[in-house]
Amino acid sequence: MTNLRYLGSGVFGTDYAKTISGALIGLGLLSKIVPELHTTRTFEIPACATALLTESTLEIREVYTDEEVIYFDNEKDIVEKVKSAINNPSLLKSITDRGYIKVVNGGYDYKSIIKSLLSQIYGK
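Residues numbered from 1 in each chain as written. Predicted model: local features only at pLDDT ≥ 70, side-chain atom pairs only at ≥ 80, totals over all residues. Heavy atoms only, no water.

### Overview of the overall build of the protein
Right, on to step 1. A tally of regular secondary structure across the protein gives six helices and three strands.
Right, on to step 2. Taken from the N to the C terminus, the helices and strands of the protein come in the order α-β-α-β-α-β-α-α-α.
Right, on to step 3. For the protein, buried positions account for 27% of its 124 residues.
Right, on to step 4. Residue pairs in contact within the protein that sit at least 24 positions apart in sequence constitute 55% of those at least 6 positions apart.
Right, on to step 5. Entry remark: accessible area of the protein is about 8900 Å², with carbon and sulfur atoms responsible for 60%.
Right, on to step 6. Counting 14 positive and 15 negative side-chain charges, the protein places the centres of these two groups 5 Å from one another. (Helix = DSSP H or I, 4+ residues; strand = E, 2+ residues; numbered from the N terminus. Buried < 20%, exposed > 50% of the residue type's maximum accessible area, 1.4 Å probe, protein only. Contact = heavy atoms within 4.5 Å. Areas by Shrake-Rupley, 256 points an atom, 1.4 Å probe, with all protein chains shown as cover. Lys, Arg positive; Asp, Glu negative; His and termini not counted. Charge placed at Lys NZ, Arg CZ, Asp CG, Glu CD.)

### Focus on the sheet that holds strand β3 (residues 70-72)
Right, on to step 1. Taken in spatial order, the three strands line up as β1-β2-β3 in an open sheet, and their pairing is parallel. Each edge of the open sheet carries a strand with a single partner, namely β1 (25-28) and β3. Across the sheet, the axes of successive neighbouring strands diverge by a mean angle of 25°, strand direction being ignored.
Right, on to step 2. When β1 meets strand β2 (residues 51-55), the two strands line up parallel, connected through four bridges. Each bridged residue has a counterpart across the sheet, and for Leu27 the counterpart in β2 is Leu53. (Pairing = 2+ DSSP bridges. Axes fitted to C-alpha atoms, helices over the stretch in contact; angles between N-to-C directions.)

### Things to note about the environment of Ser94
Right, on to step 1. Within the secondary structure layout, Ser94 lies in helix α5 (residues 89-105).
Right, on to step 2. Considered as a pair, Ser94 and Ala51 are 43 residues apart in the sequence and their alpha carbons are 9.2 Å apart.

### Considerations on the layout of surface pockets
Right, on to step 1. The space that makes up the second largest pocket amounts to roughly 260 Å³.
Right, on to step 2. Secondary structure elements with two or more residues in the lining of the second largest pocket: α2 (41-47) and α6 (110-122).
Right, on to step 3. Considering only residue class, the lining of the second largest pocket consists of seven nonpolar, three polar and two charged. (1 Å grid on protein atoms, 1.4 Å probe; cavity = no way out; pocket = protein on both sides within 12 Å on 5 of 7 lines; lining within 4 Å. Points joined across faces, edges and corners; volume = space filled by probe spheres on them. Nonpolar A, V, L, I, M, F, W, Y, C, P; charged D, E, K, R; others polar.)

### Concerning the side chain of Thr57
Right, on to step 1. Looking at the secondary structure, you find Thr57 in the loop between β2 and α3 (58-63).
Right, on to step 2. Not counting residues within four places of it along the chain, the set of residues in contact with Thr57 comprises Leu30 and Leu37.

What follows is the structure in structure tokens.
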């Protein structure tokens with residue numbers, strides 16, 4: 001962890017959404033310290049109409065297909081996937097649009113999740 005440095009004061013709120021929205025590709029890294037299978041960024045990046053470049057986990061693959069996000073397997077793969085996406089703007093746009101539609105229409109927002117949970121609990 002000696003190479004890990006945090007630069008800046010952070011980006012929060014609407015600035016966070018604007019920053020992600022301004023990118024072509026958003027990198028969705030998962031912690032190895034606390035083994036994560038997805039994060040909020042897994043949904044936030046596509047919701048900002050930005051292509052998600054993420055590790056391939058069973059949990060994320062239950063949500064997204066190869067046509068909705070860009071998966072990578074290792075660090076070298078990240079560079080290759082980014083170069084490929086940048087060099088194929090129509091494919092990148094298609095992935096971005098499909099990811100956005102999946103998140104917006106998929107019920108992955110907190111309100112939809114809570115509504116579903118309450119419906120299961122109360123049977124309504």
